[in-house]
Amino acid sequence: MKLFRIRGGVHPHDCKTLSADKAIEDLPMPSLLHIPLQQHIGAAAKPAVKRGDHVLKGQLLANSQGMISAPIHAPTSGRVVGVGHYPAHHASGLSVHTITLQPDGKDEWIELSPPADPFALDPAEIATRVAAAGIVGMGGATFPSAVKLNLRNRYKLHTLVINGAECEPYLTCDDRIMREYSANVIDGIRIMAYALGVENIIIGIENNKPQAQAAMREAATTFPNIQVVGLPMRYPMGSEKHLVQTLTGLETPARGLTADIGIVVHNPATALAVRDALREGKPLVSRVVTVSGGAVRQPRNLRVLLGTKVQDVIDHCEGFNVEPARLISGGPMMGNLLPDTRVPLVKGCNGILALTAKEVSENQESPCIRCASCVQACPCGLLPLEMAANARAGNLDAVTKLGLMDCIACGSCSYVCPAHIPLVQYFNYAKGELASRQRAKHKQDETKRLIERRNERMAAQERAKKEMMERRKREAAAKKAAAAAAAAKTAQEASA
Amino acid sequence: MSLLISSPHTHSGKSVHSTMLLVMLALAPATVFGLYLFGLPAISLFLITILGCALAEAMALKIMGKPVGKYLSDGSAILTGWLLALSLPPTAPWWIGLLGAFLAIIIGKQVFGGIGQNLFNPAMVARVALLISFPLEMTTWVTVDGVSGATTLGHIRTETGQGHSLASFTDSLPSVSDMGLGMIGGSMGETSAVLLLLGGLFLLWKRIITWHIPVSLLGTLLLLAGVMHAINPDVYPGVEVHLLAGATLLGAFFIATDLVTSPVSATGQLIFGAGCGLLVYVIRTWAGYPEGMAFAVMLMNALTPLIDHYFRPRIYGRDRKGEPLNYASGENKP
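Model, not experiment: these values are computed from the prediction.

### Overview of the overall build of chain A
Next up, step 1: If you tally the helices and strands in chain A, you get 14 helices and 17 strands.
Next up, step 2: Its C-alpha radius of gyration of 31 Å places chain A more than 25% over the 23 Å reference for a compact globule of 496 residues.
Next up, step 3: Taking the principal axes of its C-alpha atoms as reference, chain A extends roughly 130 × 65 × 50 Å.
Next up, step 4: Within chain A, the fraction of its 496 residues that count as buried is 53%.
Next up, step 5: Put simply, 72% of the contacts in chain A that link residues at least 6 apart link residues at least 24 apart.

### Considering the overall build of chain B
Next up, step 1: For chain B, the helix and strand inventory stands at 15 helices and zero strands.
Next up, step 2: A globule of 334 residues ought to have a C-alpha radius of gyration of about 20 Å, and chain B, at 22 Å, matches this closely.
Next up, step 3: For chain B, the spread of C-alpha atoms along the principal axes amounts to about 70 × 55 × 30 Å.
Next up, step 4: Carbon together with sulfur atoms contributes 69% to the accessible area of chain B, which is approximately 14,200 Å² in total.

### Describing the UniProt feature "binding site: [4Fe-4S] cluster 1" (unreviewed entry) in chain A
Next up, step 1: Under the feature "binding site: [4Fe-4S] cluster 1" (unreviewed entry), the UniProt entry names C368(A), C371(A), C374(A) and C417(A). Across 50 residues in sequence, these annotated residues keep their C-alpha atoms within 10.7 Å of one another, forming a single compact spot. As for the annotated residues, the ones lining the second largest cavity are C371(A).
Next up, step 2: By the element assignment, C368(A) lies in the loop between helix 9 (357–360) and helix 10 (373–377).
Next up, step 3: C368(A) has contacts with L385(A), A419(A), I421(A), I115(B) and G116(B), leaving out every residue within four places of it along the chain.
Next up, step 4: As for its placement among the helices and strands, C374(A) is situated in helix 10.
Next up, step 5: If we skip the residues at most four places from it in the chain, C374(A) touches P384(A), L385(A), C413(A), V416(A) and L423(A).

### Focus on the interface of chain A and chain B
Next up, step 1: With 66 residues of chain A in contact, the opposing surface of chain B contributes 42 residues.
Next up, step 2: Carbon and sulfur atoms make up 56% of the surface buried where chain A meets chain B, a total of about 4,800 Å² over both sides.
Next up, step 3: When the buried area of chain A at its contact with chain B is split by residue, E251(A), I369(A) and R370(A) rank highest and sum to 15% of it.
Next up, step 4: Taken together, the connections running from chain A to chain B amount to three salt bridges.
Next up, step 5: The salt bridge partner of R318(B) is D406(A), with a shortest N-O separation of 2.8 Å.
Next up, step 6: The interface formed by chain A and chain B holds 21 residue pairs in polar contact (both at pLDDT 80 or more) in total.
Next up, step 7: Broken down by class, the residue content of the side of chain A that touches chain B amounts to 33 nonpolar, 21 polar and 12 charged.

### Examining empty space enclosed by the protein
Residues and elements named next belong to chain B.
Next up, step 1: If you walk through the whole model with that rule in mind, you get six cavities of 30 Å³ or more.
Next up, step 2: Roughly 300 Å³ of volume is contained in the largest cavity.
Next up, step 3: Lining the largest cavity are 23 residues, and of these M20, L79, L83, D258 and L259 lie nearest its centre.
Next up, step 4: Of all the secondary structure elements, the ones that give two or more residues to the lining of the largest cavity are helix 1 (16–38), helix 4 (76–86), helix 6 (122–133) and helix 13 (248–255).
Next up, step 5: Per-element accounting of the lining of the largest cavity gives the leading share, four residues, to helix 4.
Next up, step 6: By residue class, the composition of the lining of the largest cavity is 15 nonpolar, six polar and two charged.
Next up, step 7: Each pocket or cavity is described by its volume, and for the second largest cavity that value is around 180 Å³.

### Observations regarding the pattern of salt bridges
Residue and element names in this part refer to chain A.
Next up, step 1: This model, assessed by the stated rule, comprises 23 salt bridges over all chains.
Next up, step 2: With a closest N to O distance of 3.4 Å, D53 and K50 form a salt bridge.
Next up, step 3: Among the salt bridges present, the one from D445 reaches K441, with a minimum N-O distance of 3.3 Å. Of this pair, D445 and K441 both sit in helix 14 (residues 423–495), four residues apart, which is roughly one turn of that helix.
Next up, step 4: Overlapping salt bridges, with partners in common, bring together R275, D276, E280 and K282 in one network.

### Points about the side chain of N390(A)
All names here are of chain A.
Next up, step 1: Counting through the fold element by element, N390 comes out in helix 11 (residues 384–392).
Next up, step 2: Looking at N390, the relative accessible area reads 15%, which means it is buried.
Next up, step 3: Contacts of N390, omitting those with residues within four sequence positions, involve N395, A398, V399 and L402.

### Notes on the packing of helix 11 (residues 212–231) of chain B against helix 14 (residues 266–286) of chain B
All names here are of chain B.
Next up, step 1: At a closest axis distance of 7 Å, the pairing of helix 11 and helix 14 adopts a crossing angle of 35°. Handedness of the crossing formed by helix 11 with helix 14: right-handed.
Next up, step 2: Residue composition of the contact of helix 11 with helix 14, grouped by class: 15 nonpolar, six polar and one charged.

### Some words on the UniProt feature "modified residue: FMN phosphoryl threonine" (unreviewed entry) in chain B
Residue and element names in this part refer to chain B.
Next up, step 1: Residues annotated by UniProt as "modified residue: FMN phosphoryl threonine" (unreviewed entry) correspond here to T151.
Next up, step 2: Position of T151 relative to the elements: it lies in the loop between helix 7 (135–138) and helix 8 (152–161).
Next up, step 3: Residue T151 is classed as buried on the basis of its relative accessible area, which comes to 12%.
Next up, step 4: In this structure, T151 is in contact with W141, G185 and G186, ignoring residues within four places of it in sequence.

### Structural notes on the sheet that holds strand 15 (residues 326–329) of chain A
Residues and elements named next belong to chain A.
Next up, step 1: Ordered by their spatial adjacency, six strands build an open sheet running 1-14-13-17-15-16, and the pairing between neighbours is mixed. Strand pairing shows two members of the sheet lacking a second neighbour, strand 1 (25–26) and strand 16 (336–337), which therefore form its edges.
Next up, step 2: Sheet analysis places strand 1 next to strand 14 (residues 300–305), joined by two bridges and oriented parallel. Each residue of the ladder has a partner; that of E25, found in strand 14, is L302.
Next up, step 3: Strands in contact with helix 3 (residues 173–180) are strand 13 (286–292) and strand 14; relative to strand 13, the strand with the most contacts, it is inclined by about 125°.

### Section: the packing of aromatic side chains
Residues and elements named next belong to chain B.
Next up, step 1: Counted according to the given criterion, the structure contains seven aromatic pairs over all chains.
Next up, step 2: Centre to centre, the rings of F202 and W205 are 6.1 Å apart; their planes meet at 55°, and the pair counts as tilted. Of this pair, F202 and W205 are both found in helix 10 (residues 193–205), three residues apart, which corresponds to roughly one turn of the helix.
Next up, step 3: Feature note: the residues Y236, Y281 and W286 constitute an aromatic cluster, connected by ring pairs.
Next up, step 4: The ring of Y71 carries the charged tip of K66 above its face, separated from the ring centre by 5.3 Å.

### Some thoughts on a nonpolar patch on the surface
All names here are of chain B.
Next up, step 1: A cluster of nonpolar side chains, namely L40, I43, L47 and L51, defines an oily patch on the protein surface of about 400 Å² accessible area.
Next up, step 2: Here L47 lies in helix 2 (residues 40–64).
Next up, step 3: Residue L47 is classed as partly exposed on the basis of its relative accessible area, which comes to 45%.

### Some thoughts on the pairing of strand 17 (residues 351–355) of chain A
Residue and element names in this part refer to chain A.
Next up, step 1: Counted residue by residue, strand 17 has five buried out of five residues, so it is predominantly covered.
Next up, step 2: Neither face of strand 17 is exposed, since G351, L353 and L355 on one face and I352 and A354 on the opposite face are all buried.
Next up, step 3: Bridge count for strand 15 against strand 17 is four bridges, and the pairing is antiparallel. By the bridge assignment for strand 17, S329 is matched with I352.

### Digging into the environment of G262(A)
Next up, step 1: Summarising the element assignment, G262(A) is placed in the loop between helix 6 (240–248) and strand 12 (263–266).
Next up, step 2: A C-alpha to C-alpha distance of 4.0 Å links G262(A) and L157(A), two positions 105 residues apart in sequence.

Quick notes on the rules
- Residues numbered from 1 in each chain as written.
- Chains lettered and ligands numbered in written order.
- Predicted model: local features only at pLDDT ≥ 70, side-chain atom pairs only at ≥ 80, totals over all residues.
- Heavy atoms only, no water.
- Helix = DSSP H or I, 4+ residues; strand = E, 2+ residues; numbered from the N terminus.
- Rg over C-alpha atoms; globule rule 2.2 N^0.38 Å.
- Buried < 20%, exposed > 50% of the residue type's maximum accessible area, 1.4 Å probe, protein only.
- Contact = heavy atoms within 4.5 Å.
- Areas by Shrake-Rupley, 256 points an atom, 1.4 Å probe, with all protein chains shown as cover.
- UniProt positions renumbered as here; feature names shortened; annotations may be inferred.
- 1 Å grid on protein atoms, 1.4 Å probe; cavity = no way out; pocket = protein on both sides within 12 Å on 5 of 7 lines; lining within 4 Å.
- Buried area = accessible area lost by both parts, 1.4 Å probe.
- Salt bridge = Lys/Arg side-chain N within 4 Å of Asp/Glu carboxyl O.
- Polar contact = N/O pair within 3.5 Å; in protein donor to acceptor, adjacent residues only side chain to side chain.
- Nonpolar A, V, L, I, M, F, W, Y, C, P; charged D, E, K, R; others polar.
- Points joined across faces, edges and corners; volume = space filled by probe spheres on them.
- Axes fitted to C-alpha atoms, helices over the stretch in contact; angles between N-to-C directions.
- Left-handed = near helix turned anticlockwise from the far one by under 90°.
- Pairing = 2+ DSSP bridges.
- Phe/Tyr/Trp six-rings, centres within 6.5 Å; stacked < 30°, edge-to-face > 60°.
- Lys NZ or Arg CZ within 6 Å of the ring centre and 35° of its normal.
- Patch = residues over 30% accessible without salt bridge, like charges linked within 9 Å, V, L, I, M, F, W, Y side chains within 5 Å.

Below, the structure is given as structure tokens:
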């Protein structure tokens, strides 16, 4: 199959050997699970249980809210010991609404009711079941997968692309899933393709995963409409629109979706979750996480229950051999800093990295030397050095004009910058500041509208008051005239 | 650790310091050859120029209240001195080197605010200032046998200016192999084309520079040379002269590609290089100086902000005007 070249991109050290040969294993049952109600893009789920309730594995804990949202299910059986606030899986360490579950050790499922044959279902029914299972994009984006499976009515679709690139260094969970569950992944892929109404399926896997490529090719042997394609090792190959361009040559329009060019992209772990939901009736209650980094004594790929604390998975990997310089959720290029190890694992967390100071290679920022390395590295054709200079100077309009909203924050520019300028941080700052201004403007507009309405109301009251006074004045005048007339009449009668 | 730290959490290992070191490494072969060829006076001038640049930078940083050690250690001042030295006549007096150093660092760089802020290549600022101010000292050359004489380009300009046909004095010009190897007179570091090319290829291989500026500069210059030579071979020297003599290769790979003062987009770099090539040819052929690289680079440096403004990469998913791409519904079939 012919591949197309994307612009830019970098070659970080892939560091996957630490965990690529570690088979997926189950993490032993933790003593407590902290299950956030916001583990997806969209509205947070609303609790359906209360403190003291006993729940079974797979039981609904919280309902989705609105079109873009996802329900939350019990990762195991046990007792709800709290519905309150707990540190979020986020650098800020802020609290988020969380259900705390104490496992009873039985790991007892609810009664599961899978359909007899997913391919006999109406496609919309498949999307409904995927939504009910709480399945979201497992590559990290956590967009509700059912919404993407419902696109056939609005777009002319022709291809399903499976994103097996896993281009972030250190991470190997998709690699292991494709090697160890290739048949199930293919089954899930076919179910998704059926729901989407597409015939053509392309599975893109980077060439640093030859065993995954081989396993998937073997599992797809009997399905001629499925192609397994080797991808060049180039970050950010896993970016949805760059993956699509590499495979098809088509470029996704700005502010558009890959569906605009007839393509839908899903992750292999998402496909596996869809398969489990449609073949076994299981909601999404666990996921595979790579635990790696130079500070981890024994890197592993673990299947963990959602809500497991990071500390529990670190302990299972025999702890740290040195204090990590950074604790990261996700990969080193786009991952988020974690405040500490108390935070829970969530649906979108594909890696926990404990990086040493040497791996992080933290250096002081120095002046930009305009070497254009960041321009060459940018896969979106932006000018990161100009954007950062304008952001630093507070020219947010200029940053926007230079393509801030087209930036995918892949980190390639910061990665290559010889001056160690934190370019992505400037862009995040600019986006945050613009969002803040937007909110302030909205609030100001609302205030202005309220003031105008109050002024109108006051003016109306004033007019009403004035009318009343006019009316009273007229009535008084009329009364006075009547009195005068009466007096005149009386006088006339007297004179007569 | 600060929670404000954003991704990415790893780095390529590149630094300003390592970038400068690699450029120096690329210059080393031609430099060593030049110092060997021209001997002790060249060595002392070379060292004085570089030390002068370091001293000037330290003074400026001190005055501005910036940490001297940190900024000096990035190596950019030393590299500026190195490039300036390579563009000087080997027998120029020591004070030419020192004055040039101060002009390069103080006027060419620090008055703009320091590294990354300067508009013009600092070494070329100094060279042009010296050339205009001290024409005699800046144009006294020695040949390999120690006898005073003109450079190849200077010789050609003198003879053709007097109406002599190129063919009539070809025998007195260096051979192509001598020009290629560097057994000719000229500035300290510009004579060995082979070694400069080697250094340039090293920079390309290490991705310190990209191919756009050298290829468009050399392409434009040699295209013009070829065409004009074909039109009138008696007056206009051929491509081998323009390629191998003067500062062509030093300029194409080390001066025009200065990271700070050249455009950042690939298209902009091609335009910049072509402009340099054109100006080099025009100045060499019709202007008052036999060599035009420094002037060409500075003139194109002046245009760099304009080039960067008008020649940006196309943003992914948008057309050249910045509007989102539009796929008509019938166009999305594979």
